[in-house]
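# Residue-level structure breakdown
The primary structure of each chain is shown beneath.
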Amino acid sequence: MKVLVLYNSETGNTKKVAEAIYEEFKGEAKLMETKSIKDISEIDGYEYIFIGFFVDKGYPDEPTMELLPKLKEKKLGLFSTLGAYPYSMQAFRVFARAEEVLDKSNRIEGCYICQGRVSDESLKRIAALPPDDPKRSKKSTLRREIGMSHPDSEDLENARKIFRNIVDRDLKGF
Ligand SMILES: Cc1cc2nc3c(=O)[nH]c(=O)nc-3n(C[C@H](O)[C@H](O)[C@H](O)COP(=O)(O)O)c2cc1C
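As the structure is a computational prediction, the values presented were derived from the model and not from experiment.

Reading the values: rules and limits
Residues numbered from 1 in each chain as written. Predicted model: local features only at pLDDT ≥ 70, side-chain atom pairs only at ≥ 80, totals over all residues. Helix = DSSP H or I, 4+ residues; strand = E, 2+ residues; numbered from the N terminus. Buried ≥ 20, exposed ≤ 12 C-beta atoms within 10 Å, placed from the backbone. Contact = placed C-beta atoms within 7 Å. Near = placed C-beta within 6 Å. Nonpolar A, V, L, I, M, F, W, Y, C, P; charged D, E, K, R; others polar. Core = buried A, V, L, I, M, F, W, Y, C linked by C-beta atoms within 7 Å. UniProt positions renumbered as here; feature names shortened; annotations may be inferred. Pairing = 2+ DSSP bridges. Right-handed = clockwise from strand over helix to strand, strands pointing away. Axes fitted to C-alpha atoms, helices over the stretch in contact; angles between N-to-C directions. Parallel < 35°, antiparallel > 145°, perpendicular 65-115°, else oblique. Left-handed = near helix turned anticlockwise from the far one by under 90°.

Summarising the element assignment, Ser9 is placed in the loop between strand E1 (3-7) and helix H1 (13-24). Judged by local crowding, Ser9 falls into the buried class, with 21 C-beta atoms found within 10 Å. Sequence spacing of Ser9 and Asp61 is 52 residues, and the spatial spacing of their C-alpha atoms is 8.7 Å. With near-sequence residues (within four places) excluded, Ser9 lies in contact with Thr14, Lys15 and Phe54.

If you want it as structure tokens, here you go:
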């Protein structure tokens, strides 16, 4: 069984999750940045491809949106980090948006998403917005504060477990 863990990450949150999943399958896995793929044939020959991306304006980030339509007949797992809560509609929607651009010959075996700390740059930008901007509301500020510690060790453990389960269940045929 061979696992390829692909990821794209601007500020390191999604990379942390990717590394945790990679560690889970170490010895039978490869870790690679989505951006580094030059030719799609480079990622042939893996039984599972787990793809990590950050949520960018409600969509999977650009390198991932470029990669997804090129995949054919793959067993996939998707994982992501975002500023919003992992139980928000935005979180659910992003996987649907990933699925929309995938060829139907692929199979998504499972998905995982958790919150990721918003970058210092974004925090600065938000702080410069007018005080009545919705992004500066109490609710949004609290959400970002909660996000500061994510992905945390529990998120990483959950990601490892979910992707391990995907492979184990598949091997057992259920
Ligand atoms: C350009 C940009 C757009 C973003 N858009 C969203 C968004 O639409 N929804 C959201 O919940 N978080 C959004 N975020 C927050 C990131 O998804 C979040 O901080 C993520 O954990 C970053 O992952 P990374 O550290 O792997 O780059 C955005 C961040 C950036 C920089």
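Here we take up the site of the ligand. Around the ligand, 21 residues are found, and the nearest of them are Ser9, Thr14, Phe54, Gly83 and Gly116. Mapped by element, the contributors of at least two residues to the shell around the ligand are H1, strand E3 (48-56) and strand E5 (75-82). Split into classes, the residues belonging to the shell around the ligand amount to five nonpolar, twelve polar and four charged.

With that settled, the discussion passes to the nonpolar core. Formed by 35 residues in total, the largest nonpolar core has its most connected members in Val5, Ile21, Phe50 and Phe79. Mapped by element, the contributors of at least two residues to this core are E1, H1, E3, E5, helix H3 (89-100), strand E6 (107-115) and helix H6 (153-172). For this core, the element with the most residues is E3, which contributes seven residues. Non-local contacts of Phe79, meaning those with residues more than four positions away in its chain, are made with Val17, Phe50, Gly52, Cys111, Tyr112, Ile113 and Ala159.

It is worth spelling out the UniProt feature "domain: Flavodoxin-like" (unreviewed entry) in the chain at this point. According to UniProt, the positions carrying the feature "domain: Flavodoxin-like" (unreviewed entry) are residues 3-167. Between the first and last C-alpha atoms of residues 3-167 the distance is 9 Å; the span itself is 38% helix and 23% strand.

A few words on the pairing of strand E2 (residues 29-33). In the sheet, E1 pairs with E2 via five bridges, with the strands oriented parallel. When the bridges of E2 are listed, Val5 appears paired with Leu31. What joins E1 to E2 is H1, and the crossover it makes is right-handed.

Take unusual backbone geometry next. The step from His150 to Pro151 runs through a cis peptide bond, and the omega angle for that step is 0°. Here Pro151 is to be found in the loop between helix H5 (138-147) and H6. In this model, Lys57 sits at a positive phi of 50°, which is unusual for a non-glycine residue. Residue position: Lys57 is located in the loop between E3 and strand E4 (59-60). Exposure remark for Lys57: the 5 C-beta atoms within 10 Å place this residue in the exposed category. Phi is positive for Glu73, close to 55°, though the residue is something other than glycine.

Moving on, we come to the packing of H1 against H6. The contact between H1 and H6 brings their axes to 9 Å, and the two run at 45°. One way to sum up the angle between H1 and H6 is to call them oblique. Note that H1 runs across H6; the crossing there is right-handed. Residues Lys16, Val17, Ala20, Ile21 and Glu24 of H1 lie in contact with H6, whose contacting residues are Asp155, Leu156, Ala159, Arg160, Phe163 and Arg164. When the residues that make up the contact of H1 with H6 are grouped by side-chain class, the tally is six nonpolar, no polar and five charged.

On to the pairing of E3. A large share of E3 lies buried, amounting to eight of its nine residues. Here five bridges tie E1 to E3, and the two strands are oriented parallel to one another. Paired with Leu6 across the strands is Ile51, a residue of E3. Both E3 and E5 contribute to a ladder of seven bridges, which runs parallel. Bridge assignment links Phe54 to a residue of E5, and that residue is Thr81. As judged from the two bridges shared by E3 and E4, these two strands associate in the antiparallel manner. Counted as the bridge partner of Asp56 is Tyr59 from E4.

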